[in-house]
Number of protein chains: 2
Amino acid sequence: MRDTRAELLMQAETLVRGRGYAGFSYADLAAAVGIRKASIHHHFPTKIDLGAALVAAYAARYAAALEAIRRDVPDGPGRVEAYGRLYLGGVEQGLGCLCAALAIEGEALPERLRRDIAAFFADHLAWLEAILREGQADGSVRGGADPAALARYVVATLEGALLMERLFASPAAFRGTLAVLVDGLRPQ
Amino acid sequence: MRDTRAELLMQAETLVRGRGYAGFSYADLAAAVGIRKASIHHHFPTKIDLGAALVAAYAARYAAALEAIRRDVPDGPGRVEAYGRLYLGGVEQGLGCLCAALAIEGEALPERLRRDIAAFFADHLAWLEAILREGQADGSVRGGADPAALARYVVATLEGALLMERLFASPAAFRGTLAVLVDGLRPQ
DNA sequence: GATTGTCTACCATTAAGTAGGTAGATTGCT
DNA sequence: AGCAATCTACCTACTTAATGGTAGACAATC
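Residues numbered from 1 in each chain as written. Chains lettered and ligands numbered in written order. Predicted model: local features only at pLDDT ≥ 70, side-chain atom pairs only at ≥ 80, totals over all residues. Heavy atoms only, no water.

Bringing the overall build of chain A into the picture now. Counting its secondary structure elements, chain A contains nine helices and zero strands. Starting at the N terminus and walking to the C terminus, you meet the elements of chain A as α-α-α-α-α-α-α-α-α. For a compact globule of 188 residues, the expected C-alpha radius of gyration is about 16 Å, and chain A comes in at 18 Å, within 12% of that figure. Referenced to the eigenvectors of the C-alpha coordinate spread, the extents of chain A come out at roughly 60 × 40 × 30 Å. Here chain A, with 188 residues, has 53% of them falling under the buried criterion. Taking as baseline every contact in chain A between residues at least 6 positions apart, the subset at least 24 positions apart corresponds to 68%. A total of about 7700 Å² of accessible surface is found on chain A, and carbon and sulfur atoms cover 53% of it. In chain A, which carries 21 positive and 22 negative side-chain charges, the distance between the mean positions of the two groups comes to 4 Å. (Helix = DSSP H or I, 4+ residues; strand = E, 2+ residues; numbered from the N terminus. Rg over C-alpha atoms; globule rule 2.2 N^0.38 Å. Buried < 20%, exposed > 50% of the residue type's maximum accessible area, 1.4 Å probe, protein only. Contact = heavy atoms within 4.5 Å. Areas by Shrake-Rupley, 256 points an atom, 1.4 Å probe, with all protein chains shown as cover. Lys, Arg positive; Asp, Glu negative; His and termini not counted. Charge placed at Lys NZ, Arg CZ, Asp CG, Glu CD.)

This is how it looks when you write it as C-alpha cells:
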C-alpha cells in the first residue's frame, strides 16, 4: 500500500517550490503522482487545503530541525550557520523556499495561507532571537545589537540568498553569503 | 492623448509585484487600465513580451538610480544605505521586487525572462562590487572581505528583507535590517 | 492611403471543482 | 462465522469560468 497523501504532499511541495503556487495545477500534480486529477480532491478538497497542508508539513520539518540544532550545536554562530545550511539544500536542488513562493503572491494569496506563512516566519524569528540572546549571554555572539532585529536580518539574508542563488544555481555563492553573515555575528 | 503603453506597463508592474507573474492575467490588466483585453495584445503580443518590457523598464529605472547614488553619495556605507532605501518603497507600498516575483517561478519561467532577471541581478552585483571596492580603497568600508562576495550578501539581505517585511507590512523592521547591514560594512 | 489603436466576437486550452459510480477493505451485528 | 453497511480511495465524465491569443471591423490620424 502506497501512501498517496504523503506522495501528493511531496510532489506538490516540489512543484510549488519550483514554480510557485499559482504556477502549478492539479493536473500537473496528478501527472507527477500518477493519479487522476479528481482523486487529488479526495485528499485535498481545494487547492487552499493543499497549500495549508504543505505549509504545515514544511513548518513541522523545520521545527524539528531547529530543535535538533539547539540540542546538538553549542554556540550562537554555529547554530546560525547550521540554520543557514538548512536553506542550502534548496539551492542545490534548484528549489526555493515554500513560504517565499507563497509570500510572493501577496494580496492574491488566500488569507488563511497568508496567516500560516506569517506564523512560519514568526516561529523562525522567535527561535533565532532566543538563540542570539543566549549567544550574547555566553559571549559567542557580539553584544550591543538587539536580538530581535538581528533575527530579522538573519532570516532576510538567508531567504534572499536562496532566492538569488537558486537563480544562478550557485551553492558556492550561497555558502559565501552564509559565511559573511555568520562572521558578522561573532564578537570582534 | 494618453500614453496607453506606459499606463499598461505601470499597472502591469503593480500587478506582478503584488501577486506574481502567474498570478495576474490580461483580463486583470485590462480592467486596471480601462481597456479591452484584446487591445493589450496590440502593445504586447504575448505575456512574455509584456514581462520582458516590464523587466527592461524596471532595470532602467534602477540603473538610473544607481548612477545617481554613485554621483551624489560619497562614501561606501552611505551608498549601500541609499541603495537599500530603493527597496524600502516596496515595503511601504506592499509591493515586492519585480525580479523576485519572476525568479520564484523558476523552471516554469520562459527562458528569455530568466535571462533578463539574471542580468538585472548581475548588474546590481557588479555595481555593488565596484562601490564596495572603492569603499575599501578609501577606507569607508571594512577591508579583508571579498567585494564580490560582499555584494551578493548585500543584495540577498535586501531582497530577503523586502520579501519578508512586505508580508509583515513593516517598513520599520526593514529599516532595522538595513541598519544592521550597513553597520556591518563599516570598519571596526 | 497607410498606419495606429481600439473594439466586438471569437477560439482552443486549461483551471479548479463536482457528480456519480466502482472495487476493495473495514466494521458492526446477529 | 456470515453478512450487510459503511468507508476509503480511486475512477470517468462533466461543468463553469478563466486563460492567452486571434480575426476582422472601424475610426482617427499622419
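That covers the picture; the talk isn't over yet.
The next point concerns the protein's contact with DNA strand D. Near DNA strand D, the surroundings consist of 17 residues, among which Thr4(A), Arg36(A), Ser39(A), His43(A) and Lys37(B) are the closest. Close to the protein, within 4 Å, the atoms of DNA strand D belong to sugar or phosphate groups at a rate of 57%. One nitrogen or oxygen atom from the main chain of Arg36(A) is found 2.7 Å from a phosphate oxygen belonging to DNA strand D. Between a phosphate oxygen of DNA strand D and a side-chain N or O atom of His43(A), the distance comes to 2.5 Å. Of all elements in the fold, only helix H3 (37-43) of chain A together with helix H2 (26-33) and helix H3 (37-43) of chain B reach the threshold of two or more residues within the surface near DNA strand D. The biggest single contributor to the surface near DNA strand D is H3(A), with four residues. Looking at side-chain class alone, the surface near DNA strand D contains seven nonpolar, seven polar and three charged residues. (Near = heavy atom within 4 Å. Polar contact = N/O pair within 3.5 Å; in protein donor to acceptor, adjacent residues only side chain to side chain. Nonpolar A, V, L, I, M, F, W, Y, C, P; charged D, E, K, R; others polar.)

All right, on to the relation of the copies chain A and chain B then. For the pair chain A and chain B, the best superposition has an RMSD of 0.0 Å and corresponds to a rotation of 180° with a translation of 0.0 Å parallel to the axis. Here the copies are linked by what is in effect a two-fold axis. Comparing contact sets, 100% of the residues at the interface of chain A also lie at the interface in chain B, consistent with an isologous, same-surface contact. (Least-squares fit on C-alpha atoms with pLDDT ≥ 70 in both.)

Counting from both sides, the interface comprises 39 residues of chain A and, opposite them, 39 residues of chain B. For the pairing of chain A and chain B, the buried interface totals around 3400 Å² over both sides, and the portion due to carbon and sulfur atoms is 73%. Inspection of the region where chain A meets chain B yields two salt bridges. Summed over the shared surface of chain A and chain B, the number is 10 residue pairs in polar contact (both at pLDDT 80 or more). Looking at the side of chain A that touches chain B, the elements with two or more residues in it are helix H1 (4-19), helix H6 (98-104), helix H7 (111-138), helix H8 (147-167) and helix H9 (171-185) of chain A. (Buried area = accessible area lost by both parts, 1.4 Å probe. Salt bridge = Lys/Arg side-chain N within 4 Å of Asp/Glu carboxyl O.)

Every one of the 16 residues lining DNA strand C counts as a neighbour, but Lys37(A), Thr4(B), Arg36(B), Ser39(B) and His43(B) are closest to it. Of all atoms in DNA strand C that approach within 4 Å of the protein, 55% are sugar or phosphate atoms. At 3.2 Å, a side-chain N or O of Ser25(A) approaches a phosphate oxygen of DNA strand C. For DNA strand C, a phosphate oxygen lies 2.7 Å from a polar atom in the backbone of Arg36(B).

As recorded in UniProt, the feature "DNA-binding region" (unreviewed entry) lies at residues 25-44 of chain A. Taken end to end, residues 25-44 of chain A has its terminal C-alpha atoms 13 Å apart, with 75% of it in helix and 0% in strand. (UniProt positions renumbered as here; feature names shortened; annotations may be inferred.)

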